[in-house]
Amino acid sequence: MLLNPAEYPITTTIAQVHNYMDQNIRIQGWLYSKRSSGKIHFLQIRDGSGSIQCVVVRSEVPPEVFAVSEVLSQESAVIVEGLVRRDTRSSLGYELSVQNLIHVSTAPDYPITHKEHGIDFLLDHRHLWIRTPRQRAILKIRAEVLRAMSDYLDGNGFTRVDPPILTPTAAEGTTELFHIQYFDQEAYLTQSGQMYMEAAAMAMGKVYSMGPTFRAERSKTRRHLIEFWMIEPEMAYFTHEDNLKLQESFLSAVVQQVLNHCQPELELLGRDLTRLRAVQPPFPRMSYDDAVVWLQNQGHEIQWGEDFGAPDESELANQFDRPVFIERYPTKVKAFYMQPDPKRPEVALCADLLAPEGYGEIVGGSERIHDYTLMKERFIEHKLPNEDYAWYLDLRKYGSVPHSGFGIGLERTVAWICGLEHVREAAAFPRLLYRLYP
RNA sequence: UCCUCGAUAGCUCAGCGGUAGAGCAUCCGGCUGUUAACCGGAGGGUCGUAGGUUCGAAUCCUACUCGGGGAGCCA
């Protein structure tokens, strides 16, 4: 039974409770944990906005309310009515003196206890795991990262355009695609919206996409998801240099906004904030040529013309306190659409952005080929069927201009900002090799 | 696809040739200021599956299944 509404006019969230000192309020949540000393119970209640200690004293509540408190178990749903009271014995400095409890539903034998669990068990119970403070903090930060990205791009003249998820062809032709039946044709889940964003940039000037992409690669590492989100800005009349300037400004703004808005979450995760505060333009830059020489001097067996492996990237990035651009890779190891450097056609006007602390590549970008004849040559070299890509060639035929863009991996970015061991925690329901449930 | 590690109670693990264990969770009892609360008691297992070696296998061997970490590839 709810108490008299006149007595409890205020239903609020736990995050707002501090605004109601010495007032009667009602909160609606779940029991996170309970400690009992017989005649006094301490209920830790969470509601998604935060958590608060609620104290139930036997001598101060009706017997039926104390009886409810006794049977509540972890993750029982409960509505709590009580008085907000300052108390130095509570970690927040205030707590809720319970006057009434409404037992909304039970949670018998809740699987995720406050003890240690293995990753297999936690991933099988991901639908419940996300209720824990740490996972909640990560998902909050992920949401803030997306908001910060939108804020920055929307505030700088970009228009959001959503490319299709179902596509008739491969965007880059290299990675494994998920294929599906599209009525009587074959179709694929998108692995990148980039080519569509190039079309959109010719329509709107500066555009970006945010959404899921799919790679059917048998990759099983802390940096890989099968389904992950990319944010792909594409800018007409942007040179390679313009592109890098935008990237460092963009990523710095995102990190600083997360620092400003999510400090409690970052602290809960134990993140070293000084490392994030260092993320300010300009970012260091290294040419591919210099990176190869540097790696060779460190004893790595890499030759000019080869792409970097994961250990190479880590070691390169760990020299710096902020992300580093590695630019002008050999044209042959990069995607067909990248603009060759006019002074050195054997390298492309492209850059990967490597995050520090071993998180690897979080951004890949380039200036795109805008010349019709050169693009046509690339089609022949890469054996791309003209009929499938006719529309993409049209972009070079009708009012083509130099343009550039990049793609940033959301989960890798979130993992880096949060200091996570693995990108799987950066998605609410990660899709991994050998793991599709829940 | 390759390399590597693992699978024992609901969970986390110990046991590594001789009668299946602990902590937590659950249930019962105690406790008016707890912070992964604490104290006492109870129930709980075809030791991943299938073969093999052995007087005897959770333990040794083989295959398979499922999963963790990594490589390649990529964001």
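Residues numbered from 1 in each chain as written. Chains lettered and ligands numbered in written order. Predicted model: local features only at pLDDT ≥ 70, side-chain atom pairs only at ≥ 80, totals over all residues. Heavy atoms only, no water.

Explain the protein's contact with RNA strand B to me, please; I cannot follow it from the model alone.
Close to RNA strand B lie 48 residues; Ser36, Arg222, Glu361, Arg412 and Arg424 are nearest. Counting only atoms of RNA strand B within 4 Å of the protein, the fraction found in sugar and phosphate groups is 50%. One of the side-chain nitrogen or oxygen atoms of Arg35 is found 2.6 Å away from a base oxygen of RNA strand B. A distance of 3.1 Å separates a sugar or linking oxygen of RNA strand B from a polar backbone atom of Glu116. Going through the elements one at a time, β1 (24-36), β2 (40-46), β3 (51-57), α2 (119-124), β11 (227-236) and β17 (360-368) are the ones with two or more residues in the surface near RNA strand B. Per element, the largest residue contribution to the surface near RNA strand B is four residues, and it comes from β17. Taken together, the residues of the surface near RNA strand B break down into twelve nonpolar, 15 polar and 21 charged. (Near = heavy atom within 4 Å. Polar contact = N/O pair within 3.5 Å; in protein donor to acceptor, adjacent residues only side chain to side chain. Helix = DSSP H or I, 4+ residues; strand = E, 2+ residues; numbered from the N terminus. Nonpolar A, V, L, I, M, F, W, Y, C, P; charged D, E, K, R; others polar.)

Please explain the nonpolar core as it appears in this structure.
Within soluble globular proteins, side chains that are nonpolar generally end up buried alongside one another. With 59 residues, the main nonpolar core has Ile141, Val145, Trp416 and Ile417 as its most contacted residues. Those residues in contact with Ile417 that lie beyond four places of it in its chain are Ile141, Val145, Val255, Val258, Leu266, Arg271 and Leu276. In terms of nonpolar packing, the next biggest core, distinct from the first, is built from 29 residues, Val292, Ile302, Met375 and Leu384 among them. (Core = buried A, V, L, I, M, F, W, Y, C linked by side-chain atoms within 4.5 Å. Buried < 20%, exposed > 50% of the residue type's maximum accessible area, 1.4 Å probe, protein only. Contact = heavy atoms within 4.5 Å.)

Where do I start with unusual backbone geometry in this structure?
What you tend to see is this: most non-glycine residues have negative phi, and most peptide bonds are trans. Note that the residue after Pro281, namely Pro282, is joined by a cis bond; omega there is -5°. Tracing the backbone through its elements, the reader meets Pro282 in the loop between α8 (273-277) and β12 (285-287). Even without being glycine, Asp22 reaches a positive phi, approximately 65°. Here Asp22 lies in the segment before β1. The exposure class of Asp22 is exposed, given its relative accessible area of 56%. The backbone phi angle of Arg328 is positive, close to 60°, even though this residue is not glycine. Secondary-structure assignment places Arg328 in the loop between β13 (324-327) and β14 (340-341). We classify Arg328 as partly exposed; its relative accessible area is 26%.

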